[in-house]
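Listed below are the residues making up each chain.
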Amino acid sequence: MTAFRRTLTTIDDLADAGLIPQDRAAALADVGEQYAVAITPAMAQLIDPADAADPIARQFIPDARELDRLSAENDDPIGDDLKSPVRGIVHRYTDRVLLKLVSVCPVYCRFCFRREMVGPGKSTALSDADIASALDYIRAHPEIWEVILTGGDPLILSPRRVAEITAALGEISHVKVLRWHSRVPAVAPERVTPQLVEALRASSKAVFIALHANHPRELTAAAREACARLIDGGIALVSQSVLIKGVNDDVDTLETLMRTFVEMRIKPYYLHHGDLAPGTAHLRTTIAHGQNLMRQLRGRLSGLALPTYVLDIPGAHGKVPIGPQYIETDDSTEFVVTDRTGGEHRYSDCAPPV
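For the structure given in this document, a descriptive report is provided here. (Residues numbered from 1 in each chain as written. Predicted model: local features only at pLDDT ≥ 70, side-chain atom pairs only at ≥ 80, totals over all residues. Heavy atoms only, no water.)

### Focus: the sheet that holds strand β4 (residues 177-182)
Ordered in space as β1-β2-β3-β4-β5-β6-β7-β8-β9, the 9 strands form an open sheet in which the pairing is mixed. At either margin of the open sheet sits one strand with a lone partner, and together these are β1 (89-93) and β9 (318-321). Here the strands of the sheet are splayed against their neighbours by 25° on average, with no regard to which way each runs. In this structure, strand β6 (residues 236-242) lies alongside strand β7 (residues 267-272), joined through 5 bridges in parallel fashion. Bridged to V242 within β7 is H272. (Pairing = 2+ DSSP bridges. Helix = DSSP H or I, 4+ residues; strand = E, 2+ residues; numbered from the N terminus. Axes fitted to C-alpha atoms, helices over the stretch in contact; angles between N-to-C directions.)

### Looking at the nonpolar core
Judged by nonpolar contacts, the single largest core of 61 residues is most densely connected at L101, I138, V147, L149, L169, W180 and L200. With residues near it in sequence (within four places) discarded, L149 still touches L99, L101, P154, I165, L169, L178, R179, W180 and H181. Core analysis: the second largest hydrophobic core is formed by 36 residues, A25, M43, I47 and A57 among them. (Core = buried A, V, L, I, M, F, W, Y, C linked by side-chain atoms within 4.5 Å. Buried < 20%, exposed > 50% of the residue type's maximum accessible area, 1.4 Å probe, protein only. Contact = heavy atoms within 4.5 Å.)

### Quick word on the sheet that holds strand β12 (residues 344-348)
Strand order in the open sheet made by the 3 strands is β10-β11-β12, with antiparallel pairing throughout. Looking at strand neighbours, the two that pair on one side only are β10 (327-329) and β12, the edges of this open sheet. Each adjacent strand pair in this sheet contributes to an overall mean axis angle of 30°, direction not counted. For strand β11 (residues 334-338) and β12, the ladder comprises 5 bridges, and the chain directions are antiparallel.

Structure, rendered in C-alpha cells:
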C-alpha cells in the first residue's frame, strides 16, 4: 500500500500519485478548474487504482461527467441562501440554525451539495466580524435550541479556534445542543487530538459530532481510534451518509456500514438521498431504489442500526423522511400493515378519536 505524505489537491497530483492514468489528466483538467480537489493521505491510501469501480475513488476522484449539468440541478440545491438572515447563518427550522464557519474541507466529495460554494477561491471563511454578527443573531433568537456547526468542514479549524467558538456558544443560555458536522475523524483522524477533544467540550451543553462516512472502508483503525477518543471524551457521535450510486447503493454495503457505526458507538442518523447539485447525476440513485434498500435493511438490522432515509426538498423546504411505507388505510380506523418479510396484516385502531 502506498504511503501518502500530503493531501493531493490537483489533477496533476492525482496522476503523479498513480491514482489516475497520466493520459486521463488532460481530460479532467476542466473539472479540476471548476470544482475543488483534495484527497487526504488517509483516503488516498485506501484507493485501488486498478479497480475501476473502487468506492473510495468514486467519492473523491474527479469525473468528466461532473461538467454535465441537468436542468433540474441547482447551485444551491437545498436553498441555504434563501434562509440566510446574516452571513454564515442558515435559519431553516425554528429551533435550530446552521453556523457555516468555513468554506474549505480536508477532502472534496464529488457529490457535495455545496460544491459551488466550497473550496479555494469559492468563498472565504467567516471573519471575526461575521462570527460576532452570527453570534448576535443566535443570542437575539431565544427559540434557537441547537446550533449546527458546518461549512465546509468546521473541524479543519485549529483546536484554539474551536475552543473559542465553543466558549462563545456556551455562554448563550437558550442554546442547549451543539452539533458539529464533519468528515475529519474518518478522512484526517490525526487531527482528532486530545486538544481538539477538549476544545469541543462544553460543560453546559450537549455536544454531538455528526460523522459523514459512506463506505465501511473509510472506517479504518485510525478512524475508529479517533472516534473513540471523542466518545471517551464525552462527545456523542451520530452518523450521516449519502446514498451514492456505485459506492453504497447495495444492501450488503449499507448493512456493513451501519453495523460498523453501531459497533463504534455511533448512532446511525441520516441516509441522505443525493441532492440536485450540478454535475452529480451519475452519482445519484432513484428514490425507489433507496426505498427498496431501506426495506431490505429493516429486515436485517435492529432499530438501533437503522438510519432515516431523507430528502432535502429543493427551495429551502427542509428534510423529510422518504423511506418505504408499512401501513395503508382507506378510512381512519382500519389499516393494512406490512411486516418486514412482506406479509400483510389487518389492524383495527381501537383508540378513542382525538
